[in-house]
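Structural features, examined
For reference, the chains in residue letters:
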Amino acid sequence: MSNAKKGTKTRLAPEDEYPHTPDSASNYNESMYFNVFDPERRIGGWFRLGNRPNERYAEMTICLYLPGGRVAFMYKKPEITSNDEMNAGGLRIDVVEPFKHLKLNYTGKALLLDRPDEMADPKKAFTENPTVPCTVSLDFKGVSPMFGGEVVKEDGSPLDLDPEKSFAKAHYEQHMAAEGKFTLGDESFEISGFGLRDKSWGPRHWQAIHWYRWLPMNFGPDFAMMISIVTNEEGQQRQGGMVLKDGKYDLIRKCSIDSEWDDNWYQTSLKAHVETESGAKYDVEGDVISLIPLRNRRKAPDGTDLNTRITEGMTEYRCNGMTGLGMSEYLDQIVDDKPASVA
């Protein structure tokens, strides 16, 4: 299931759950991402492992949203020598049964932040806040069909991509249920809830997208959404996503997101309107419970400094009389010290 363009098709096979043979692009990336939120305990987290085998390192991130607005966070770039497994920096992801059951485990440390917005200056945040031992053990099981895959030409041959302008050649998502446990120092948190996972592979630069909004949310095992708006530097916009209802995905054909901001241009609340291919319409409201600002920086080939900001907000959503939890992930290139979407 996908939004493939004319002249292309989307393919997805069980073996895509496992690492692929990297292509020759220096910035080849294969990543898996998971989030989970417990509606009773109102805690949650997200996890990402991105292998960059041709650059010989991985990007490992864990982020736990704890009671009282605290956040536990860790980011590493451990060295890797191959793309044979999703296992680096203390984070390991195992496929038990493709498209149905995956396990995630982390053993390492986490920075404990009473004020997550301090991560706007990572060096200062890591210097001035405590780091504690951390373990995470989660079982993820699919509650939905698969959405997405690898977009290829009608004859099955790969698309011609410019690695410098690419974010991924293949991408899929799935709504999940999850159970497990977080430990942080002498604190322990049982977790049972819902979330979403995705996987992508192919050349990636975080600066390949001018700005995007990504809103994954769950209202229970039978009702969930993912709303996506991706905008390029010319202002062209791709709107999409899906609504999970009664075990099936209804694709989003049109959506809008209006956001409220604080003084740092971090999202505080939002209203989204969604229209699906079946003709259904949904109005969604969201309030950010806890937010951490992250960044990715690199130099362009011409020496220009590029700065990408990603604000990761645990968000309470309301729709059709139901309340759920999820993420509001806002990516912006920073232009003249402002997010591109509001500059």
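Here the structure is a predicted model, which is why all the values come from computation and not from measurement.

What counts and how
Residues numbered from 1 in each chain as written. Predicted model: local features only at pLDDT ≥ 70, side-chain atom pairs only at ≥ 80, totals over all residues. Heavy atoms only, no water. Helix = DSSP H or I, 4+ residues; strand = E, 2+ residues; numbered from the N terminus. Buried < 20%, exposed > 50% of the residue type's maximum accessible area, 1.4 Å probe, protein only. Contact = heavy atoms within 4.5 Å. Phe/Tyr/Trp six-rings, centres within 6.5 Å; stacked < 30°, edge-to-face > 60°. 1 Å grid on protein atoms, 1.4 Å probe; cavity = no way out; pocket = protein on both sides within 12 Å on 5 of 7 lines; lining within 4 Å. Points joined across faces, edges and corners; volume = space filled by probe spheres on them. Nonpolar A, V, L, I, M, F, W, Y, C, P; charged D, E, K, R; others polar. Core = buried A, V, L, I, M, F, W, Y, C linked by side-chain atoms within 4.5 Å.

Regarding the overall build of the protein chain
Secondary structure summary: the protein chain contains one helix and 21 strands in total. Across its three principal axes, the protein chain shows a C-alpha extent of roughly 55 × 50 × 45 Å. Across the 343 residues that make up the protein chain, the buried fraction comes to 52%. Counting only contacts in the protein chain whose residues sit at least 6 apart along the sequence, the fraction spanning at least 24 positions is 60%.

What to know about the packing of aromatic side chains
This model, assessed by the stated rule, comprises 12 aromatic pairs. Measuring from ring centre to ring centre gives 5.4 Å for Tyr 33 and Trp 214, while their planes differ by 75°; the resulting arrangement is edge-to-face. Highlighted residues: Tyr 33 in strand β2 (residues 28–38) and Trp 214 in strand β13 (residues 211–218), separated in sequence by 181 residues. Exposure class is identical for Tyr 33 and Trp 214. Each is buried. Note on Tyr 172 and Trp 201: the rings are 6.0 Å apart at their centroids and 75° apart in plane angle, and the pair reads as edge-to-face. Residue Tyr 172 is located in strand β11 (residues 170–184), and its partner Trp 201 is located in strand β12 (residues 187–203); the two are separated by 29 residues in the primary sequence. Judged by relative accessible area, which is 1%, Tyr 172 ranks as buried.

Some points on the layout of surface pockets
Estimated volume of the second largest pocket: approximately 230 Å³. Lining the second largest pocket are 15 residues, with Ala 120, Tyr 266, Asn 307, Arg 309 and Ile 334 sitting closest to its centre. Looking at the lining of the second largest pocket, the elements that each hand over two or more residues are β18 (281–299), β19 (305–319) and β21 (338–339). Its residues assigned to classes, the lining of the second largest pocket shows eight nonpolar, three polar and four charged.

Describing unusual backbone geometry
Even without a glycine there, the phi angle at Trp 265 is positive, about 60°. Following the sequence through the fold, Trp 265 ends up in the loop between β16 (248–261) and β17 (267–276). Here Trp 265 falls in the partly exposed class, since its relative accessible area comes to 28%. Residue Asp 337 is not a glycine yet carries a positive backbone phi of 65°. Among the secondary structure elements, Asp 337 is positioned in the loop between β20 (322–335) and β21. The exposed category is assigned to Asp 337, whose relative accessible area is 74%.

Some details on the nonpolar core
If you look at the biggest cluster of nonpolar residues, it comprises 35 residues, and the most contacted ones within it are Phe 47, Leu 64, Leu 104, Val 136, Leu 138 and Leu 184. One finds Trp 46, Leu 113, Ala 224 and Met 242 within the second-largest nonpolar core, a separate group that totals 30 residues.

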